[in-house]
Structures are given as C-alpha cells and as structure tokens.
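Each chain is listed here by its residues.
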Amino acid sequence: MTSTSLVRASGAVRSRPAPSATAVAALASEAPAAAVAAAPAQSHAAARNTAQPFDSGWFDSIRINLSAAERRVATLPGRRSVKKDAQAGWLLKAITCIDLTTLNGDDTAERVRRLCAKAVTPVRPDLLAALGFADRTLHTGAVCVYHRFVSTAVEALAGTGIPVAAVSTGFPAGLIPHELKLKEIEASVRDGASEIDIVITREHVLTGQWQKLYDEMRDFRRVAGDAHVKAILATGELKTLRNVAKASMVCMMAGADFIKTSTGKEGVNATPLVTLVMLRMIRQYEARTGLRVGYKPAGGVSTAKTALDYQVLMKEELGRPWLEPDLFRIGASTLLADIERQLEHHVTGRYSAFNRHPIG
C-alpha cells in the first residue's frame with residue numbers, strides 16, 4: 001500500500017416474529033461491540049494525540065500502490081456480509097459514532113434544537129424495545145453545527161453527555177486570514193464546543209509547503225485547548241492519494257486528534273480508497289509514536305450499507321478500538337434515517353418511507 005416496515009397510525013410497530021433480543025444484545029457485547037449499553041458521559045476515553053516535532057522524513061518516502069489499494073477496497077463488500085441480528089448490532093454501534101450534522105445556509109436555531117432532540121433519541125423507543133435495548137442509553141456521537149449555533153446546541157444537549165462539534169477556520173474553503181481562524185476556534189470553545197472540526201489550507205498541500213501545514217495545524221491545536229480537533233483534509237481537492245497520505249501524517253504530527261476526509265461540500269467527498277490511505281497513515285503513526293488518532297469520513301455516507309462497509313474497513317485495518325466513538329466518527333445528516341429504516345425492517349420485515357424517519 002505505502003512504502004508503507006410499516007407502522008400503524010398509533011405508532012406501534014406491527015411486527016413479524018420478533019428478533020431475538022438476547023441475540024442482538026449478545027452481538028452487542030462482541031466485536032463490533034454494538035453495545036450501546038450505557039453511553040459514556042465522556043465521549044473521549046482514548047488518550048489524546050501529542051504533537052511531535054516536524055520531521056519530513058516521516059512522509060517524504062511515502063508512495064501509493066494504486067492498483068493494490070483499488071483491489072483492496074473492491075473486495076471489501078463481497079468478503080464481509082453482515083446480516084440479520086449481527087447487522088442490527090453493527091448498525092446500533094454505528095449510531096453511536098455519528099456526528100449528526102446540519103451545515104446549511106438556511107439553518108435556524110429551531111432546526112438545531114430538533115437535530116439535538118434526534119441525537120438524544122436517534123431510534124424510536126418501540127424499535128429499541130423490540131431489539132432488547134429499551135433499558136439502555138443510545139445516542140449519537142456528537143452534534144456538528146456552525147459556530148453561530150454552538151451555544152444553542154450546548155443548551156439543548158445539557159446533561160446528555162453528547163458533545164457539540166463546531167466547524168471552524170473559515171469552513172468550508174478555509175481561506176480567511178489565519179488570525180481570524182484562531183479567533184473562530186477560541187469563540188467556539190468559549191461557547192461550549194468540545195470538538196472543533198478545522199479545515200486546512202489546501203494550498204499548503206498542493207504546493208508542498210509541509211512546514212506551513214504543520215505550523216497551521218499546531219496553532220489550531222494550541223488555541224483549541226481541551227477541545228478535540230478534527231483536521232478536515234478536503235481530500236477531493238488534494239489531487240493525489242500521495243498528497244492525502246502526506247497531509248494526514250503532517251496533521252497527526254502537529255497534534256490532530258482526528259483526521260477527517262471532507263467538508264461534505266467538495267465535488268468528491270469520502271471514498272473507500274481515500275479512507276484506506278488515511279487509515280494506513282494512522283496505523284503508521286501509531287507504530288511510530290504509540291498514539292492513536294481517530295478517523296472521520298464525511299460527505300456521501302448516507303446509507304446503512306455504506307456505514308457497514310466503513311465499520312468493517314476500520315476493524316480490519318486498525319482493530320477493535322477504532323469502532324468506538326472516541327476514535328471513529330461518521331459525519332452525516334441523512335444516514336441516521338436509513339439506519340432507523342433498516343432497524344425497522346429487521347423488527348417488522350417491512351421497509352418504511354424516509355419521511356417517517358425525519359432527522360429533525
């Protein structure tokens with residue numbers, strides 16, 4: 001790789017013979033730990049990444065074997081097919097890793113409050129009861145919004161243990177002055193954001209100015225303080241997989257807690273191929289430093305099947321710890337609706353329409 005389902009008007013589920021709640025719960029306790037047993041009060045159990053001194057030797061020799069990488073991702077859906085109770089378990093786990101997102105020009109405070117309500121109760125209680133999870137806490141990994149709505153989301157989520165993530169640094173293009181980027185991060189942290197999704201300056205990557213990219217990322221991490229920082233690479237604009245690999249390594253070296261594919265606003269967003277490259281860089285970084293960095297695909301992850309593919313790839317490439325929300329997030333707005341549809345189908349044997357599973 002490198003040189004390296006229908007519901008009655010009352011809302012009650014019309015069920016086929018119920019799935020084995022004990023079976024789903026048992027699957028929840030195994031790898032992928034779809035268990036959702038009690039969501040942690042703190043979403044980040046893993047130790048934070050620590051910035052390393054800049055060293056171009058860590059990435060200068062990176063090469064990508066494109067044909068091998070393409071073969072690897074092409075075989076993924078056929079080799080790993082997750083069905084029935086196991087699929088329900090994996091999808092419940094996926095919910096806990098979703099950064100439920102609204103990043104639209106027509107966002108309002110009320111829309112954000114509705115989104116937060118969905119994050120707290122992502123699956124209808126009758127479906128959870130049918131799956132044997134009525135007595136367990138299930139919520140999304142975070143809610144992600146623009147800075148303007150950080151305080152609204154923090155207030156709506158008070159006491160739930162769900163963190164608020166703010167997109168920052170001139171999202172999505174990242175072309176405002178550096179000083180304003182730092183002030184935006186500081187303002188979001190001051191308003192209560194505990195995660196900051198920053199965008200890098202793509203020019204630094206496209207022109208090979210790796211020291212500038214390192215310095216920029218280091219400054220973002222410094223002003224974020226205790227807030228975890230996700231570095232958005234905008235991989236669809238970096239031109240080559242080699243650039244993606246190098247940018248991943250530089251951002252981790254400078255202290256990024258997560259590396260993230262996209263803003264969701266580019267022409268090409270998260271893909272399995274880009275994901276493979278970024279996961280291999282995370283693996284290399286852990287081998288060098290002993291530190292674990294999280295991964296977040298964003299943009300285009302809108303179906304339950306796609307989420308399952310990403311979960312399997314995480315498990316195979318990085319191992320069991322990367323199936324938890326402290327090291328894996330999915331940036332999505334419509335994915336949750338499809339997962340809830342699939343869970344309803346698992347319970348009832350019937351699919352329902354998307355408009356019956358609104359995000360907010």
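The residue count restarts for each chain, going from 1 along the sequence in the order it is written. Confidence filtering applies because this is a predicted model: local features only for residues at pLDDT of at least 70, side-chain atom pairs given and counted only at 80 or more, and all residues used for totals across whole chains, interfaces and linings. Hydrogens are left out, water is left out, and the side-chain values use all remaining heavy atoms of the structure.

### Some points on helix H10 (residues 210-224)
In an α-helix there are 3.6 residues to a turn, and that puts residues three or four apart on one side.
In step 1: Runs of E in the DSSP output that reach at least two residues are strands. Runs of H or I that reach at least four are helices, and both are numbered from the N terminus. Here a helix's expected span is defined as the number of its residues, less one, multiplied by 1.5 Å. The first and last C-alpha atoms of H10 sit 21 Å apart over 15 residues, in line with the 21 Å expected at 1.5 Å per residue.
In step 2: Exposed residues in this analysis have more than 50% of their type's maximum accessible area, buried residues have under 20%, and partly exposed residues fall in between, with area computed by a 1.4 Å probe over protein chains only. All buried positions along H10 are accounted for by Trp210, Leu213, Tyr214, Glu216, Met217, Asp219, Phe220, Arg221, Val223 and Ala224.
In step 3: The contact criterion used is simple: two residues touch if any of their non-hydrogen atoms lie within 4.5 Å. Contacts from the buried residues of H10 go to helix H8 (178-190), strand S4 (195-199), helix H9 (202-206), strand S5 (228-232) and helix H11 (241-253).
In step 4: Positive backbone phi, at 60 degrees, marks glycine 225, one or two positions downstream of H10.

### Observations regarding the confidence of the model for the protein
In step 1: Residue-level confidence of the predictor is what pLDDT reports, using numbers from 0 through 100. Per-residue confidence for the protein gives a mean pLDDT of 88; residues scoring 70 or more make up 87%.
In step 2: Within the model, pLDDT remains below 50 along residues 1-16, and this stretch shows 52 contacts once partners closer than five positions in the same chain are excluded.

### As for the nonpolar core
In step 1: With 100 residues, the main nonpolar core has Ile198, Met217, Cys251, Tyr295, Ile339 and Leu343 as its most contacted residues.
In step 2: Here cysteine 251 is in contact with Ile200, Leu213, Met217, Ala231, Leu233, Ala256 and Ile259, once residues within four sequence places are set aside.
In step 3: Of all hydrophobic cores here, the second largest spans seven residues; its members include Ala165, Val167, Val199 and Ile232. In this text, buried Ala, Val, Leu, Ile, Met, Phe, Trp, Tyr and Cys residues form a nonpolar core when linked through side-chain atoms within 4.5 Å.

### Quick notes on the pairing of strand S2 (residues 142-145)
In step 1: Neither face of S2 is open: one carries Ala142 and Cys144, the other Val143 and Val145, and all of them are buried.
In step 2: Where strand S1 (residues 98-101) meets S2, three bridges bridge the pair, whose relative direction is parallel. Paired with leucine 100 across the bridge in S2 is valine 143.
In step 3: By the bridge criterion, three bridges tie S2 to strand S3 (residues 164-168) in an arrangement that is parallel. Looking at S3, one finds that cysteine 144 is bridged to alanine 165.
In step 4: Crossover connection from S2 via helix H7 (residues 150-156) to parallel S3: handedness right-handed. We treat two strands as partners when DSSP finds at least two bridges between them. Note on handedness: a clockwise path from strand one over the helix to strand two, with the strands aimed away from the viewer, defines a right-handed crossover.

### Some points on the packing of helix H12 (residues 272-289) against helix H13 (residues 304-318)
In step 1: Contact geometry of H12 with H13 gives a least axis separation of 10 Å together with a crossing angle of 30 degrees. By the angle class used here, H12 and H13 are roughly parallel. Pair H12 / H13 crosses with right-handed handedness. Where H12 abuts H13, its residues Pro272, Thr275, Leu276, Leu279, Arg280, Ile282 and Arg283 lie against Tyr310, Leu313, Met314, Glu317 and Leu318.
In step 2: Here the term charged refers only to Asp, Glu, Lys and Arg, the term nonpolar to Ala, Val, Leu, Ile, Met, Phe, Trp, Tyr, Cys and Pro, and the term polar to all other amino acids, Gly among them. Of the residues contributing to the contact of H12 with H13, the split by class is eight nonpolar, one polar and three charged. In this analysis, axes come from line fits to C-alpha atoms, helices being fitted only over the stretch in contact, and the angle between any two N-to-C directions falls in the range 0 to 180 degrees. If an angle is under 35 degrees, it is roughly parallel; if it is over 145, roughly antiparallel; if it lies from 65 to 115, roughly perpendicular; otherwise it is oblique. What makes a crossing left-handed is the near helix being turned counterclockwise from the far one by less than a right angle; a clockwise turn instead makes it right-handed.

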